Amino acid sequence: MLKMTSRTLRSIAMPATLALTATMALSAGAQAQDKTFLIGIVEQQLANPFFAKLQQAGVDAAKKHGLETMTAESSVAGDSATQVAAIENMINRGAKGIVLDPANASALVKIVQKARDAGIIVVTTNTSLEPATAADASYETDNLAAGELIGKWAKARLGSTPARIAMLDYDLSDKTAKARHDGFLKGFGIAEGAPEIAGTALTQANVETGQSSMENLLSAHPDINAVYTINEPAAQGAFLAIKRAKKDIVMTSIDGSCSGVRSVADGTIGATVMQFPTNMGTLAVEAIVKAVNGGPKPTGVNNSGTILITDNPVDGIESKDSKWGLENCWGE
Amino acid sequence: MTQSALALLGQQKVLNSLRTLGLALAIVLIAVIVQSQRSAFLSPENMLTLVRSMVALGMVAFAQMLVILLGEIDLSVGAVYGLAGTVTATLWLGGGSLPFTTPLLVALAAGLGIALLTGLLNGFLTVRAGLPSFITTLGMLNVADGLSLLISNATTFTPAYNEPLPPAWELSFFHGLGGALMAYDIPVETLWLVGAFILFWILRHRTVFGFRLMAMGGNAEAARVARLPLKKYKYVVFVLSALMAGLAGILDFSYVGSVGPTQSSSLSFQVIAAVVIGGASLNGGRGTIMGTLLGVILLALLNNGLALLGVSSFVQLLFIGLVTIGAVWLDLVSQKLIRSAGQRSVRSGTGAVA
């Protein structure tokens, strides 16, 4: 009996010791950086390279200032519950600033308020809360401006040819999708429902739906000569349909992912607008550092930059070529 | 012989309390380590966060323990947790793929109703059709996840910012279910956890129902001979499990203030891990509510502690996996020990406990 007890005790102690040593090893690493303040970075699911790049930029910027970081991310698209829990942990840990890429514009408002009440500076990136003033400030792509750039470029490329435009949209109740759509029309100089718009289609912002939507639009309107797409995968899909129909069409897109820029280089996409996740993360962290060190608090919705990428530049619109694009793009 | 059987039972009891003690020690140990590195750990705010994070996990795990006690398993709880919240939100707020809306109370009833239905279906397929519950509930996990997406059209629902805004009393009533704060900022949700713990503790340890569950799970053949209502009990535990999952889903929806698509499926595995870490045997016949609670605390503590230490969420997953495997391994080793000890005492013909 005695013997058994000691053996049993030993076997019970085993996992406890395991947990102990592992936790000690981990905490020893974390402890060394405790001198300066803590900054929390909450991202959306890292499976998306855009979000991964954004988070990495934030962490890098914080490291440069010698700050300790605490990171967390949604497990799937729209997963605000994980983000809420992460911000709670960051408040408890005494973070001075939080960089948040909200999974949902309204679901995070309550917890952000709680964080700000605790004296934490909250800066959103990529997209703002609803209302945007729920956070201290936001660093995101001005999607209206991005849309305007490709609208203007498409107009210039078509020249005197009467325009027949296909709009490959994403759900227009999505803020980003709506801004890009409106921006394109504004840049092209036409109103919603103008006769120049041959047809519109709702895509899922991916290759499959880009292709099928474009096939349908081309059968209905064989005279289409310009295409707006919500993002580069949709454009790449649309191009497959266009190639099969053997058409010469001006293709525009937005995002600036490396795959998208390569499509610009090989002529699949005429022009795309690059957005800069690295800028978002870096600017957000810099703004927090400045404010925590006694500088002014960041405010408002700030543009993190948009640049037109094309190998067919037109007069009057500043642009960079695909070579520059490949050096500055994000993702695969 | 009777004497040595009794001795065996006695040793089992000693072993059980030793295991519980070991688990409690591991929890204290981890807490001490986290506290020594992060003084914020034992702050009242963080303790509240920690307890709050145990609510859904605990409520669902208590019911899951009863399922496991019968030698069955319910993998669908995570999806049912999501489904109940989504059904409630879609019916109440609109905006999904249903063409109509209902008042809050109807929507809540429908949310729990659909959970009840999945529980009944799990029971029916396992008991009547004779499918292994692993398969039944794995299928149900996908059915419930698919149904959530279909009904909600993958929308995220946020009552406080909905268009049109629900009546004020509905909003405050719904908030009051789980999200409202009581004295000392304690969320209402924690009361549900305490209530569920008491209810399931009584059910498991102080009722004939609980005693029979253990007996039937330990030896289904003997239970059949003794004419214990095994089939009926299986229905009951599957329904309880699904109902608790649905309830937890609705409460978390109330606490977080929004519900989105497929946020939930990982809950199933956390729940089963908690039950197993808490000392329940997947073969049935063994498991306590106290042990399950300790399993839940350990998992919640690991999540919270590792987050406070700044360990990335990827590494946190890795830890939870290792701890689960370690717990089951420990269980296996200790079971082997008790069996050989039992055989020794049978051979020597004397009771080991003197």
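Residues numbered from 1 in each chain as written. Chains lettered and ligands numbered in written order. Predicted model: local features only at pLDDT ≥ 70, side-chain atom pairs only at ≥ 80, totals over all residues.

Across its full length, chain A holds 11 helices and 13 strands. A buried classification covers 53% of the 332 residues belonging to chain A. Contacts in chain A between residues at least 24 apart in sequence constitute 72% of all its contacts with a sequence separation of at least 6. (Helix = DSSP H or I, 4+ residues; strand = E, 2+ residues; numbered from the N terminus. Buried ≥ 20, exposed ≤ 12 C-beta atoms within 10 Å, placed from the backbone. Contact = placed C-beta atoms within 7 Å.)

Next up on the list: the sheet that holds strand S2 (residues 68-73) of chain A. Hydrogen bonds along the backbone pair up the strands of a sheet, which may run parallel or antiparallel. All names here are of chain A. What the six strands build is an open sheet, ordered S2-S1-S3-S4-S5-S11; its pairing is parallel. Only two strands of the sheet have a single partner each, and these edge strands are S2 and strand S11 (300-303). Strand-to-strand twist in this sheet, taken as the mean axis angle between neighbours without regard to direction, amounts to 20°. Looking at chain direction, strand S5 (residues 137-140) and S11 are connected through four bridges and run parallel. Directly across from glutamate 140, in S11, lies its bridge partner asparagine 303. Taken strand by strand, helix H2 (residues 49-64) contacts strand S1 (38-43), S2, strand S3 (97-100) and strand S4 (121-125), and its axis lies near 175° from that of S1. (Pairing = 2+ DSSP bridges. Axes fitted to C-alpha atoms, helices over the stretch in contact; angles between N-to-C directions.)

This part covers helix H6 (residues 133-152) of chain B. For H6(B), which comprises 20 residues, the first-to-last C-alpha distance of 28 Å matches the rise-based estimate of 28 Å (1.5 Å per residue) to within 8%. On its buried side, H6(B) packs onto helix H4 (77-93), helix H5 (104-128) and helix H12 (266-277) of chain B. (Expected span 1.5 Å × (residues − 1).)

All names here are of chain A. Burial along strand S8 (residues 226-229) is two-sided: the face carrying Ala226 and Tyr228 and the face carrying Val227 and Thr229 are both buried. One ladder, built from four bridges, connects strand S6 (residues 165-169) with S8; its direction is parallel. Bridged to alanine 166 within S8 is valine 227. The pairing of S8 with strand S9 (residues 250-255) spans three bridges and is classified as parallel. Across the sheet, the residue bridging to alanine 226 is valine 250, located in S9. Between the parallel pair S8 and S9, the chain is carried across by helix H8 (residues 232-244), and the sense of this crossover is right-handed. (Right-handed = clockwise from strand over helix to strand, strands pointing away.)

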